[in-house]
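These are the residues of each chain, in order.
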Amino acid sequence: MVTRSESVFELILIHIRPSQGAVLMLTNRISRRIVTTLFLVVPLFVYFAFVFGFGQTLAAVTATNGNSAAKEAPAVRQIPVPRPPMGWSSWNSFSNTVDSDVIMQQAKALVASGAQKAGYVYVNIDEGWWKGERDANGNFVVDPKAWPALAAGDQAGDLSNIVKYIHRLGLKAGMYTDAGGAGCGHYSPDLGPAESNSGSEGYYEQDMLQFAKWGFDYVKVDWCGGNKENLDPAVQYAEVARAIAKAETTTGHRLFFSICNWGNNSPWTWAPGVGGVAADIWRTSGDIVAPVVAGYPHSDRTASFAGMLGNFDHGIHPEAQHTGFFNDPDMMVIGMPGLSDRQNRVHMGLWAISGAPLILGADLTKLSKATVEMITNPEVIAIDQDALGLQCVKVDEATAALQVWAKPLAASGSLAVLLLNRTTSAAPITVSWSELGLDPSSPVAVRDIWAQKDLGHYPTTFSTTVPAEDAVMLTVKGKQGKTTRYENAARRNEVVRGAAPGATLASERSLTFKGVTSTSKSAYIRITYINGEKAPQLAELRVNGHIATRIALPSTGSEHAVGSVTIEAPLETEGAKNVLSFSSLGKTGFNILWVDVLSGPHEHSSRP
Ligand code: GLA
C-alpha cells in the first residue's frame, strides 16, 4: 500500500531520478527509504516540539474547550493595570503662592515623612506657577525670581531646575495648565491678581512639548477657560491627549494625563482612553475645599466632613474605572484644618476603597504623627493600589446613611469592604457574603484593616457597631462565586493554529458576545486576551448597544502569553439578554479569546 508520504515521494523522484541504470535504481531505493523516514519523522518531531516546547499557552487554550474546560486551570495571567497616581499637589495649602522654595520644602517633607516610601511620588505644581505671559514665539515666560537656579549650570526661569531637584530626591514632577485661553486664575483668582491668557488653548502641542522637555512626568489640565468659552470637554481633552502623545514621541518622556473638568459633561463617559491615551484620571466634582494658606487671606477656611463625603459620592462611576482609567474625587484634605482624626481616617478609607488617586493637599511640613500613620498605612494603600484597578460599589443601605461598600481585589475571592456610618450616632452595620457574590458554601475570613487584626471566619454575614461618622474597613476572603464563560471559538482556534513558532496572530476589529446572562446588574467581566505588542490595545465596549466605555488591553508580553483584565459593566439581570460588543480603536485590532461573567458585589439599586 502506498502511504501518503510515499506518493509525495514519487512526485519528487520524477524530478530527481537521473537514469534507469541498476546502480542508480539501488541508490534511489535507499534514498527513497531515507526521505520516506524523514517525511514521517519530521512532522512528528515538529508536533511534539510544539506541544511540549511551546505548548503551555496552547494547552491552556485548548483545555477550556468542551468537557475538559473545568478540569484544568487555564494558564492565564492576570495582567496588572496601571495604578492610580499617588503624590502631593500645591493647590490646597499654597494656592497662587507656589514657587521653587515651597516645592523644595514639600518634596523634602514627602521623603522625610516616609510618604514617598509608602508610594507617594508625584510633586505636582498647580496653578500660580505662571502669570500668563508668552514670548514672541509663544513660549512661556517664567519668573526667574520665583523659579531660580538651584544647581551649578542652571539658568534662572528654567523649570527644568525644579524638575531635576524633584527627580534627584527619587520623586516625579507634575505640571498644570488650563484647556481654555485663560485659566482659573483669570476667572476666579484665589490669592493672586486676575491673570489673563494663563491657559493653553491654541498652544496644546507647544505647551505639552515644553512640559515634556522640562522633564515633567504628569500634567493636570483644568477647565475654567474651557468652561467659560463653552468648549466641548470631550473634544478639547482628546486634542490635549494627542498633543501629549506627540510630545512623548518627540522627547521619549512620558506625561501622565490628569483631566480636571469637575465632572462637567459626565467625563466618565468619554475620559477613559480619551484621544488614545492608555491611562488617565478625571475629576468627578468640584474642589472639596478652597485653598487654606497660612498667613494669607482666608486662612480660616476649613474642610468639611460633608464636603468630603459629597466628593466621594460624586466620584462613583465603577463602569468607567478599569484597565488604568480612574475617577478622581479631588485631592485629599487629610491633615488640613477641618476634619478630626477619625473623620480623616474615614476619608482615607473612602479614597482607598474607591481606588482614587491619592494626592495629598496638606502642608507636608506640618503633618501630625497620627496623620502620617494614616496616610502611609500599607494595607489601606494596597487596597487603593490593587492590581485589578477597580472601584467600589455600594452593596447595601438597608437603613439610610448606614452603607456597605465593596471593591473586588486581585486575589481570588478577596474584597475590600467599608461599613460607613454617616449618621451622628453609633449604629450596627451588617455585610452579607451573598451581596458580595461569594460562594455561600465557604466561610469567609475577615480582617480589620485599621486595627490590623484577623477577626476569624464567618459563615454568612459579619456585623459590627460603627461609631458616629466613622467607618470600619475590612478585607474579606472567601471562595469566588459562580463564573460563566463565553468563548470566541473562532479566535481560540486561530490562536491554536497561530501559536506555531514565528506565526503572527491575526486580530479582530470587532467582536460580539450575545446571550450573556447576569444575576447582578453590576456584573464583573473578565476579558481573556493576547496582546503581543508593547503598547496597550484600546477597544470600545458597548453593553446592549448603548453604554460605551473604552478599555485598554495591556501587553501580555508575547503572542504566546494569555492574559486577563477585569471590568465592571451594567447588565440586564432578566434572562440571557445582554449583548457585549467590542470594537477596536487601534491600528492593530485585538485578540479576545473569551469573557467570563464573574459573580461579584451586587450594586445596591440607588447611587448616592
Ligand atoms: C480648579 C481646580 C483645582 C485647582 C484650581 C486652581 O478649581 O479644580 O484643583 O487646580 O482650579 O485654580
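Note that this is a predicted model, so its numbers are computed, not measured.

A.B. asks: Please explain the overall build of the protein as it appears in this structure.
C.D. replies: Each helix and strand in the protein was counted, giving 17 helices and 25 strands. Partitioning the intrachain contacts of the protein with sequence separation of at least 6 by distance along the chain shows that 75% fall at a separation of at least 24. Roughly 25,300 Å² of accessible area belongs to the protein as shown, and the carbon and sulfur atoms make up 56% of that amount.

A.B. asks: Explain the site of the ligand to me, please; I cannot follow it from the model alone.
C.D. replies: What surrounds the ligand is the set Trp 91, Asp 126, Glu 127, Tyr 176, Cys 184, Lys 220, Asp 222, Cys 260, Trp 262, Arg 283, Asp 287 and Met 331. At a separation of 2.6 Å, an oxygen atom of the ligand approaches a polar side-chain atom of Asp 287. About the coverage of the ligand: the protein hides 92% of its 300 Å² of free accessible area. Class assignment for the residues of the shell around the ligand results in six nonpolar, no polar and six charged.

A.B. asks: What's the story with empty space enclosed by the protein in this structure? I'm lost.
C.D. replies: Rolled over the atoms, a probe with the dimensions of a water molecule shows which regions are left empty. A complete count under the given rule lists two cavities of 30 Å³ or more for this structure. In this structure, the largest cavity encloses a volume near 140 Å³. If you go around the largest cavity, you meet 16 residues; those closest to its centre are Tyr 218, Lys 220, Ser 258, Met 331 and Ile 359. Listed by contribution, the elements that provide at least two residues to the lining of the largest cavity are strand S4 (172-178), strand S5 (218-222), strand S6 (256-260) and strand S7 (280-283).

A.B. asks: How do you make sense of the state of the cysteines when you look at a structure like this?
C.D. replies: Covalent bonding between the sulfur atoms of two cysteines is what defines a disulfide. For the coordinates displayed, the defined rule picks out one disulfide. Not part of a disulfide, Cys 260 finds its nearest cysteine sulfur in Cys 184, a span of 7.0 Å. Owing to a relative accessible area of 2%, Cys 260 belongs among the buried residues under this scheme.

A.B. asks: What is the right way to look at the packing of helix H13 (residues 305-314) against helix H14 (residues 341-353) in this model?
C.D. replies: The angle between the axes and the distance between the axes are what describe a pair of packed helices. Running from N to C, H13 and H14 cross one another at 5°; their axes reach a closest spacing of 11 Å. One finds that H13 runs roughly parallel with respect to H14. In this structure, H13 uses Phe 305, Met 308, Leu 309, Asn 311 and Phe 312 to contact H14, whose residues at the interface are Gln 343, Val 346, His 347, Leu 350 and Trp 351. When its residues are assigned to classes, the contact of H13 with H14 shows seven nonpolar, three polar and no charged.

A.B. asks: What is the right way to read the layout of surface pockets from this model?
C.D. replies: By volume, the largest pocket is sized at about 620 Å³. As for the largest pocket, its lining consists of 26 residues, and the residues nearest its centre are Gly 276, Val 277, Ala 278, Ala 535 and Pro 536. Breaking the lining of the largest pocket down by element, the ones donating at least two residues are helix H11 (233-251) and strand S21 (537-543). By residue class, the composition of the lining of the largest pocket is 14 nonpolar, eight polar and four charged. The calculated volume of the second largest pocket comes to roughly 460 Å³. Lining the second largest pocket are 29 residues; nearest its centre among them are Gln 78, Ser 412, Gln 480, Arg 526 and Leu 598. Listing elements by their share of the lining of the second largest pocket, those giving two or more residues are strand S12 (414-421), strand S18 (483-487), strand S20 (522-530), strand S23 (563-570) and strand S25 (591-598).

A.B. asks: Quick question: what am I supposed to make of the sheet that holds strand S24 (residues 578-584) here?
C.D. replies: Backbone hydrogen bonds hold the strands of a sheet together, and the pairing may be parallel or antiparallel. Here four strands make up an open sheet; going across it, the order is S19-S24-S21-S22 and the pairing antiparallel. The strands lining the two open edges of the sheet, one partner per strand, are strand S19 (510-516) and strand S22 (547-553). The sheet shows a mean angle of 20° between the axes of neighbouring strands, direction not considered. Bridging between S21 and S24 involves five bridges; their strand directions are antiparallel. Directly across from Arg 542, in S24, lies its bridge partner Ser 581.

A.B. asks: Please clarify how the packing of aromatic side chains should be interpreted in this entry.
C.D. replies: To describe a pair of aromatic rings, one takes the distance between the centres and the angle between the planes. Within the structure shown, the criterion is met by 19 aromatic pairs. Measuring from centroid to centroid gives 6.4 Å for Phe 211 and Phe 216, while their planes differ by 80°, and the two rings are edge-to-face. Of the two residues, Phe 211 and Phe 216, both sit in the buried class. Plain terms: the ring middles of Tyr 237 and Trp 270 are 5.9 Å apart, the flat faces sit at 15° to each other, and that makes the pair stacked. Residue Tyr 237 is found in helix H11, and its partner Trp 270 is found in helix H12 (residues 267-270); the two are separated by 33 residues along the sequence.

A.B. asks: Hey, could you run me through the environment of Gly 183 in this one?
C.D. replies: Its place among the elements puts Gly 183 in the loop between S4 and helix H8 (184-187). Exposure remark for Gly 183: the relative accessible area of 1% places this residue in the buried category. With 18 residues separating them along the chain, Gly 183 and Glu 201 place their C-alpha atoms 9.8 Å apart. In contact with Gly 183, not counting residues within four places along its chain, are Glu 127, Asp 178, Ser 198, Gly 199 and Cys 224.

A.B. asks: Looking at this structure, how should I read the packing of helix H9 (residues 204-214) against H11?
C.D. replies: Closest axis-to-axis distance for the H9/H11 pair is 8 Å, and the angle between their directions is 45°. The angle between H9 and H11 falls in the class oblique. Crossing geometry of H9 relative to H11 is assigned as right-handed. Residue-level inspection shows Tyr 204, Glu 205, Met 208, Leu 209, Ala 212 and Lys 213 of H9 in contact with H11, the latter providing Gln 236, Glu 239, Val 240, Ala 243, Ile 244, Lys 246, Ala 247, Thr 250 and Thr 251.

A.B. asks: Looking at this structure, how should I read the pattern of salt bridges?
C.D. replies: Once their charged atoms are close, side chains differing in charge can pair, the charge on each being opposite to the other. Under the defined criterion, the tally for this structure stands at 20 salt bridges. With a shortest N-O distance of 3.0 Å, Lys 164 and Asp 154 are connected by a salt bridge. Here the residue Lys 164 occupies a position in helix H7 (residues 160-168), and Asp 154 occupies one in the loop between strand S3 (122-124) and H7, the gap between them amounting to ten residues. Note on Asp 154: relative accessible area 13%, which makes it buried. Of the charged contacts in the structure, one is a salt bridge between Lys 246 and Glu 205, with a shortest N-O distance of 3.0 Å. Residue Lys 246 is located in helix H11, and its partner Glu 205 is located in helix H9; the two are separated by 41 residues in the primary sequence. For Glu 205, a relative accessible area of 44% translates into the label partly exposed. Connected through salt bridges with shared partners, the residues Arg 283, Asp 287 and Asp 330 form a single ionic network.

Analysis parameters
- In this convention, every chain numbers its residues from 1, walking through the sequence in written order.
- Residue-level local features of this predicted model are given only where pLDDT is at least 70; pairs of side-chain atoms are given and counted only at 80 or more, and the full residue set underlies all totals for whole chains, interfaces and linings.
- Hydrogens and water are ignored here; the side-chain numbers use all heavy atoms of the structure.
- Runs of H or I in DSSP of at least four residues are treated as helices and runs of E of at least two as strands, each being numbered from the N terminus.
- Contacts are residue-level and defined by heavy atoms, with any inter-residue pair within 4.5 Å sufficient.
- What sets the accessible areas is the Shrake-Rupley method with a 1.4 Å probe; for residues, cover comes only from the shown protein chains.
- Proximity criterion: a residue is near a molecule or strand once any of its heavy atoms comes within 4 Å of it.
- In the analysis that follows, any N or O atom pair within 3.5 Å is treated as a polar contact, provided that within protein one partner can donate a hydrogen and the other can accept it, and provided that, for residues neighboring in sequence, both atoms belong to side chains.
- Under the convention adopted here, Pro, Cys and the residues Ala, Val, Leu, Ile, Met, Phe, Trp and Tyr are nonpolar, Asp, Glu, Lys and Arg are charged, and Gly plus all remaining residues are polar.
- Here a cavity is any set of points on a 1 Å grid over the protein atoms alone where a 1.4 Å probe fits but cannot get out, and a pocket is any open set with protein on both sides within 12 Å along at least 5 of 7 lines; a residue lines the site when it has an atom within 4 Å of a point.
- Grid points are joined across faces, edges and corners, and a volume is the space filled by probe spheres set on the points.
- Cysteine sulfur atoms that come within 2.5 Å of each other are treated as a disulfide pair.
- Categorising residues by exposure relies on relative accessible area from a 1.4 Å probe, with only protein chains included: less than 20% of the type maximum marks a residue as buried, more than 50% marks it as exposed, and the intermediate range marks it as partly exposed.
- Here, axes are lines fitted to C-alpha atoms. For helices the fit covers the stretch in contact, and angles between N-to-C directions go from 0 to 180 degrees.
- Geometric relationships in this document are graded by angle, where less than 35 degrees denotes roughly parallel, more than 145 denotes roughly antiparallel, 65 to 115 denotes roughly perpendicular, and other angles denote oblique.
- By definition, two strands form a pair when at least two bridges between them are found by DSSP.
- The rule is short: rings of Phe, Tyr and Trp, with Trp giving its six-membered ring, pair when the centres are within 6.5 Å, and they are stacked under 30 degrees, edge-to-face over 60, tilted in between.
- Take the far helix as the reference: if the near one is turned anticlockwise from it by less than a right angle, the crossing is left-handed, and if turned clockwise, right-handed.
- By salt bridge we mean one thing: a side-chain nitrogen of Lys or Arg within 4 Å of a carboxyl oxygen of Asp or Glu.

Worth remembering: the numbers are spatial, not functional.
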